[in-house]
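Working through the structure, step by step
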Amino acid sequence: MTDPQATTTHDEAHDEAHGGALGSRLNWLRAAVLGANDGVVSTAGLVVGVAGATDDRSALLTAGLAGLLAGSMSMAAGEYVSVSTQRDSEKAALAMERRELKEQPEAELEELTELLEGRRLSREVAREAAQQLTERDALRAHARVELGIDPDELTNPWHAAWASFLAFTAGALLPLLAIVLPPSGWRLAVTVVSVLVALAFTGLGSARLGSAAVRPAVWRNVGGGALAMAVTYAAGSLLGAAGA
Ligand SMILES: [Zn+2]
């Protein structure tokens, strides 16, 4: 197997050496921000759409709450499925590695040596390192160097599911409360303004965490949310007028 890391630049290799734990923490944080963003946009679109058709608080509350639960459970289920699948394929890769180590240890030692050489070690040093790693824990060495996974830290699908459930719920609560709490004349304005402000922050946060340009990310995010609310409000108004 070829090593995808072998072609990284010096800086990337440097970051990677320090960044294992930090990198995965940033990924979690970024997923949380994106999940909250989803909760804000989809629930805002839903309650603003219903507000286009009716001014009834209990209808708004029902719609918002149903949207919150449906969205957060669908996010959690999707995350559970995708992380379970990833975990299964990582386990399968580990099992194959274990078998290869048992059946062809020489070839595996050579493979590990070449992978380490690809990380700018001389042939001799790579050989020495590969031998030591193999003696200590061959499977772990191959898992990390060859597959890029830590056999003790496979992502737990339940953790991932809970995290997206909570992130989506946190985001969804904002438009839900904003449409239900204010007096009826203020509902829409309060919801639209607070949603757009929240989307500016989540756009900012995800751009920062992903090291992307901040300003276009913020505008795209705010614009997407504004469009979602405009479309559902228009649809709700049409339906409300037709039903009245
Ligand atoms: Zn191997």
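Source: prediction; values computed, not measured.

What follows deals with the coordination of the zinc ion. Donor atoms from the polypeptide that coordinate the zinc ion comprise Glu-97 (OE), Glu-108 (OE), Glu-111 (OE), His-142 (ND1) and Glu-146 (OE), at 1.7 to 2.3 Å from the metal. Linear spacing of the donor residues for the zinc ion on their chain is E-x10-E-x2-E-x30-H-x3-E. Residue Glu-111 is found in helix H3 (residues 105-117), and its partner Glu-146 is found in helix H4 (residues 123-147); the two are separated by 35 residues along the sequence. The exposure class assigned to Glu-111 is buried, which follows from its relative accessible area of 13%.

This part is about the pattern of salt bridges. Per the counting criterion, the structure on display carries eight salt bridges. The partner of Glu-117 in a salt bridge is Arg-123, with the nearest N and O atoms 2.9 Å apart. For Arg-123, a relative accessible area of 33% translates into the label partly exposed. Close ionic contact of Asp-137 with Arg-140 constitutes a salt bridge, the shortest N to O distance being 3.3 Å. Pair noted here: Asp-137 and Arg-140 are both in helix H4, with a separation of three residues, about one helical turn. The class of Arg-140 is partly exposed, set by a relative accessible area of 28%. Because the salt bridges share partners, they merge into one network encompassing Asp-137, Arg-140, Arg-144, Asp-150 and Asp-152.

Where helix H2 (residues 57-103) contacts H3, the axes come no closer than 5 Å and their chain directions differ by 115 degrees. Across the interface between the two elements, Glu-97, Glu-100, Leu-101, Lys-102 and Glu-103 from H2 touch Pro-105, Glu-108 and Glu-111 from H3.

Next up on the list: the side chain of Asn-37. Within the fold, Asn-37 resides in helix H1 (residues 10-53). Judged by its relative accessible area of 10%, Asn-37 falls in the buried class. Once residues within four sequence positions are removed from consideration, Asn-37 is found in contact with Leu-199, Thr-202 and Asn-221.

A negative phi angle is the norm for most residues apart from glycine, just as the trans form is the norm for most peptide bonds. Its identity is not glycine, yet Arg-120 carries a phi of approximately 65 degrees, on the positive side. You can see Arg-120 is positioned in the loop between H3 and H4. In this structure Arg-120 comes out as exposed when scored by relative accessible area, which is 57%. Of note in the backbone geometry, Ser-211 takes a positive phi value of approximately 50 degrees without being a glycine.

The next point concerns the environment of Glu-108. Along the polypeptide, Glu-108 turns up in helix H3. For Glu-108, a relative accessible area of 4% puts it in the buried group. Sequence spacing of Glu-108 and Gly-171 is 63 residues, and the spatial spacing of their C-alpha atoms is 48 Å. Non-local contacts of Glu-108, meaning those with residues more than four positions away in its chain, are made with Glu-97, Glu-100, Leu-101, His-142 and Glu-146.

Let us look at the packing of aromatic side chains. By the definition in use, this model includes two aromatic pairs. Judged by centre distance (4.8 Å) and plane angle (55 degrees), the ring pair of Tyr-80 and Trp-158 falls under tilted. You can see Tyr-80 sitting in helix H2 and its partner Trp-158 sitting in helix H5 (residues 157-180), a full 78 residues away along the chain. Note on Trp-158: relative accessible area 55%, which makes it exposed. When the ring of Trp-162 is compared with that of Phe-165, the centres are 5.5 Å apart and the planes differ by 75 degrees; the resulting orientation is edge-to-face. Highlighted residues: Trp-162 and Phe-165, both in helix H5, separated by three residues, approximately one helical turn.

Chain-level statistics for the protein chain give a pLDDT mean of 90 and a share of 91% at 70 or above. Taken together, the stretch residues 1-19 has pLDDT below 50 and engages in 14 contacts with residues farther than four places along the chain or on a different chain.

We now examine helix H6 (residues 187-209). The terminal C-alpha atoms of H6 lie 32 Å apart, and with 23 residues this matches the ideal 33 Å at 1.5 Å per residue to within 8%. Among the residues of H6, Arg-187, Thr-191, Val-195, Ala-198, Leu-199, Thr-202, Gly-203, Ser-206 and Ala-207 are the ones counted as buried. Ser-211 sits one or two positions beyond H6 and adopts a positive phi of about 50 degrees.

What counts as what
Residues numbered from 1 in each chain as written. Predicted model: local features only at pLDDT ≥ 70, side-chain atom pairs only at ≥ 80, totals over all residues. Heavy atoms only, no water. Donors = N, O, S within 2.8 Å, 3.2 Å for Na, K, Ca; no water. Helix = DSSP H or I, 4+ residues; strand = E, 2+ residues; numbered from the N terminus. Buried < 20%, exposed > 50% of the residue type's maximum accessible area, 1.4 Å probe, protein only. Salt bridge = Lys/Arg side-chain N within 4 Å of Asp/Glu carboxyl O. Axes fitted to C-alpha atoms, helices over the stretch in contact; angles between N-to-C directions. Contact = heavy atoms within 4.5 Å. Phe/Tyr/Trp six-rings, centres within 6.5 Å; stacked < 30°, edge-to-face > 60°. pLDDT = per-residue confidence, 0-100. Expected span 1.5 Å × (residues − 1).

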